[in-house]
Amino acid sequence: MSKLSKIAITLALLVGFGAALFFSLRGQKADVSQQREAAAAASTTALSGLIALDVEPYFKDERVRKILADKRLPVNVTRVGSRDMAAKVVAGGGSGAGSPDFFFPSGVVAANQIVDAARKANLAVAQSSPFHSPMVMASWAPIAQVLVANGLAKPLGDKTYGVDMVKLTALMLAKKRWKDLQGAAAYDVSRSVLVSTTDVRRSNSAAMYLALTSHAVHGDLVTDRTTAQAVAARVAELFKRQGYQENYVNGNFDDYVSIGIGKTPLAFIYEYQMVQFALAKKVQPDMVLIYPQPTIVNKVVFVAVSERAKALADLFASNAELQRIAVEYGFRIADSSVFMQAVKPTGLAVEERITQVIDPPSFEVMAQMIDVVSREMTQ
């Protein structure tokens, strides 16, 4: 082979090698680019979540939506009853598997039910509670003064009161009427002393009232099904004698605000509803909050099923702006000073520290009591 031929072959091999290397590198760059595009797409894909009514306005807030989008954690949420969420857990987890990435129910009872369903589906979950709100009674100064005059309640501070749940429950079960109480001139009506609630068959707030009254009757937390049946049968009349009840807590609170003392002397609500109302509108001078003693602090629990949802949970807990916006919707956060500073200008008096608190029963026991009350209400 001539020298020229060898040079030609060598050049051809070099050209071929160079071309192969060029296309190989270009292919690698394309793969990297595709991976980056896929990662970017994944980071902007909306997380799917099921949320309680409590936080629906919060998720609709444009400021919240912008923060989540900026952090590449946008969400698509659907409002579902807290007790119905556990049935939506799907093995595999995450929206890609047809299951929500996260659940945001009202109350630890519903949250524990979701976590239990997730564990049975072999899903790794994480839960946290970025917001909370104690259960309270929205009332009126004349009503609070009647309760105080009869040893059922006591002033806690400026226009806030604490009501003894054991004494109040016993009085209601004895079918006492307002006009029978001492100092009832300000509310001299023949109506039975009752606390207005939502429908216990539908609403978490009514379930919390059931938890409190059952604790008052039993003298302790109800922990077994036999006791649950007996206690629920006894307190069922506190729901039956109310007459028609709204399915959602907003209806109960709307009656308190719009119709007033005549229809709703005592409305069992979440504190956030009264605070949200006070932040948006001017409270009437005789509107007061009565804190059950003991009460239940209702947590809005974030249950994350996917990894990105866990990042979202961390964001809710750590982002100061998201926390501040939650306070605007009436919720308490870990920093109580932010909550108190927001409420002070409204003229609504709230308790800074809630010390007399109990936990609700397990979801199995709560379900048992709700079933008993539901049957009694249909008879």
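Residues numbered from 1 in each chain as written. Predicted model: local features only at pLDDT ≥ 70, side-chain atom pairs only at ≥ 80, totals over all residues. Heavy atoms only, no water.

Mapped onto the secondary structure, aspartate 61 falls in the loop between α2 (56–60) and α3 (62–70). With a relative accessible area of 10%, aspartate 61 lands in the buried category. One polar contact links the side chain of aspartate 61 to the main-chain amide nitrogen of arginine 63, over a distance of 2.8 Å. Within the local environment of aspartate 61, its side chain forms a polar contact with the side chain of tyrosine 329, the two groups lying 2.8 Å apart. For aspartate 61, the contacting residues outside a window of four places in its chain are Ile325 and Tyr329. (Helix = DSSP H or I, 4+ residues; strand = E, 2+ residues; numbered from the N terminus. Buried < 20%, exposed > 50% of the residue type's maximum accessible area, 1.4 Å probe, protein only. Polar contact = N/O pair within 3.5 Å; in protein donor to acceptor, adjacent residues only side chain to side chain. Contact = heavy atoms within 4.5 Å.)

What follows is about unusual backbone geometry. A cis amide bond links glutamine 293 to the next residue, proline 294, at an omega of 5°. Positionally, proline 294 belongs in the loop between β8 (287–293) and β9 (297–304). Even without glycine at this site, arginine 72 takes up a positive phi of about 60°. The phi dihedral of lysine 175 is positive, around 60°, even though this residue is not glycine.

So, on to the side chain of threonine 264. If you trace the backbone, threonine 264 turns up in the loop between α10 (249–258) and β7 (267–270). The exposure class assigned to threonine 264 is buried, which follows from its relative accessible area of 1%.

This part is about the nonpolar core. The biggest cluster of nonpolar side chains holds 103 residues, and the ones touching the most others in it are Tyr58, Leu312 and Phe316. Not counting residues up to four positions away in its chain, the partners in contact with phenylalanine 316 are Tyr58, Phe59, Leu68, Phe104, Pro130, Phe131, Phe302, Leu322 and Gln323. The next biggest cluster of nonpolar side chains, apart from the first, holds 15 residues, and it includes Val80, Ile114, Leu123 and Val305. (Core = buried A, V, L, I, M, F, W, Y, C linked by side-chain atoms within 4.5 Å.)

Sheet analysis places strand β4 (residues 126–140) next to β9, joined by 7 bridges and oriented antiparallel. Within β9, the position partnered with proline 134 by the bridge is valine 297. The pairing of β4 with β8 spans 4 bridges and is classified as antiparallel. Along β8, the bridge assignment pairs methionine 137 with isoleucine 290. (Pairing = 2+ DSSP bridges.)

Any two side chains of opposite charge can pair, on the condition that their charged atoms come close. Within this structure, the stated rule accounts for 14 salt bridges. Among the ionic pairs, lysine 66 bridges to aspartate 70, the shortest N-O distance being 2.8 Å. Of this pair, lysine 66 and aspartate 70 are both found in helix α3, 4 residues apart, which corresponds to roughly one turn of the helix. For the pair formed by lysine 66 and aspartate 70, the shared burial category is exposed. Arginine 324 is the partner of glutamate 328 in a salt bridge, and the nearest nitrogen-oxygen pair spans 2.5 Å. (Salt bridge = Lys/Arg side-chain N within 4 Å of Asp/Glu carboxyl O.)

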